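Residue-level listing of the chains:
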Amino acid sequence: MNERSPGVLIIGGGVTGIAAANFMSDFDITVHIVEKQDRLGGHAATWACMATDSCVNCGACLSVEAAEQALNRQNITVHLNTAILKIDKSENGFDVTLKSGENFNVQKIIVATGFSPFDPQKIGSYHMDQSQKLITTATFNSLLKNDTLGD
């Protein structure tokens, strides 16, 4: 795509959204990432590295690196701390209006809105409330990141 040709809107600046943006950027496609948080990377950016002696490709550092790449590419515009106010179909694709007041036109839209960690307390048969020795991966990760695993 060239400058006269509208690009792509990516809703969500997590790992999937960033990967899609960086991939399309390699093909000179104009990309707009809209992220409601104040940073890119999604949940993965907050996780600790799970490696012990060598990299096991857990992705913790990869999301940060990919976010830095996206922020430094000329054909990727990142809209942080905002949301979409409306999207209207037009002859040229989609007219996008952000709550920040910005407007742009795109031909394609990718929805990459991420995930929410699962709360096992909601399933009683897991008995998560019966022992402090039962923890989730998210809790384990928090202990790793905060270096409180031995506490």
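Residues numbered from 1 in each chain as written. Predicted model: local features only at pLDDT ≥ 70, side-chain atom pairs only at ≥ 80, totals over all residues. Heavy atoms only, no water.

### Some details on the environment of Gln74
Moving on, step 1. Position of Gln74 among the secondary structure elements: in the loop between α2 (60-71) and β3 (76-79).
Moving on, step 2. We classify Gln74 as exposed; its relative accessible area is 83%.
Moving on, step 3. Distance from Gln74 to Asp28, taken between C-alpha atoms, is 9.4 Å for residues 46 residues apart in sequence. (Helix = DSSP H or I, 4+ residues; strand = E, 2+ residues; numbered from the N terminus. Buried < 20%, exposed > 50% of the residue type's maximum accessible area, 1.4 Å probe, protein only.)

### Quick look at the nonpolar core
Moving on, step 1. Counting residues in each nonpolar core, the largest one holds 15 residues, and the members touching the most others are Ile10, Met24, Val31 and Ile33.
Moving on, step 2. If you list the elements that add at least two residues to this core, you get β1 (7-11), α1 (15-25), β2 (31-34) and α2.
Moving on, step 3. If near-sequence neighbours (up to four positions away) are discounted, Ile10 is found in contact with Gly17, Ala20, Ala21, Met24, Val31, His32, Ile33, Val34, Ile110 and Ala112.
Moving on, step 4. Formed by six residues, the second largest nonpolar core is a distinct cluster that contains Leu9, Val34, Phe104 and Val106. (Core = buried A, V, L, I, M, F, W, Y, C linked by side-chain atoms within 4.5 Å. Contact = heavy atoms within 4.5 Å.)

### Describing the packing of aromatic side chains
Moving on, step 1. Scanning the model with the defined rule gives one aromatic pair in all.
Moving on, step 2. Over the ring of Phe94 we find Lys89, and its NZ or CZ is 4.9 Å from the ring centre. (Phe/Tyr/Trp six-rings, centres within 6.5 Å; stacked < 30°, edge-to-face > 60°. Lys NZ or Arg CZ within 6 Å of the ring centre and 35° of its normal.)

### Side note on the pattern of salt bridges
Moving on, step 1. Under the counting rule described, the total for this entry stands at two salt bridges.
Moving on, step 2. The partner of Asp26 in a salt bridge is Arg73, with the nearest N and O atoms 2.7 Å apart. Pair noted here: Asp26 is in the loop between α1 and β2 and Arg73 is in the loop between α2 and β3, with a separation of 47 residues, a long-range link.
Moving on, step 3. A relative accessible area of 56% means that Asp26 is categorised as exposed.
Moving on, step 4. The partly exposed category is assigned to Arg73, whose relative accessible area is 22%.
Moving on, step 5. The salt bridge partner of Lys86 is Asp88, with a shortest N-O separation of 3.5 Å. (Salt bridge = Lys/Arg side-chain N within 4 Å of Asp/Glu carboxyl O.)

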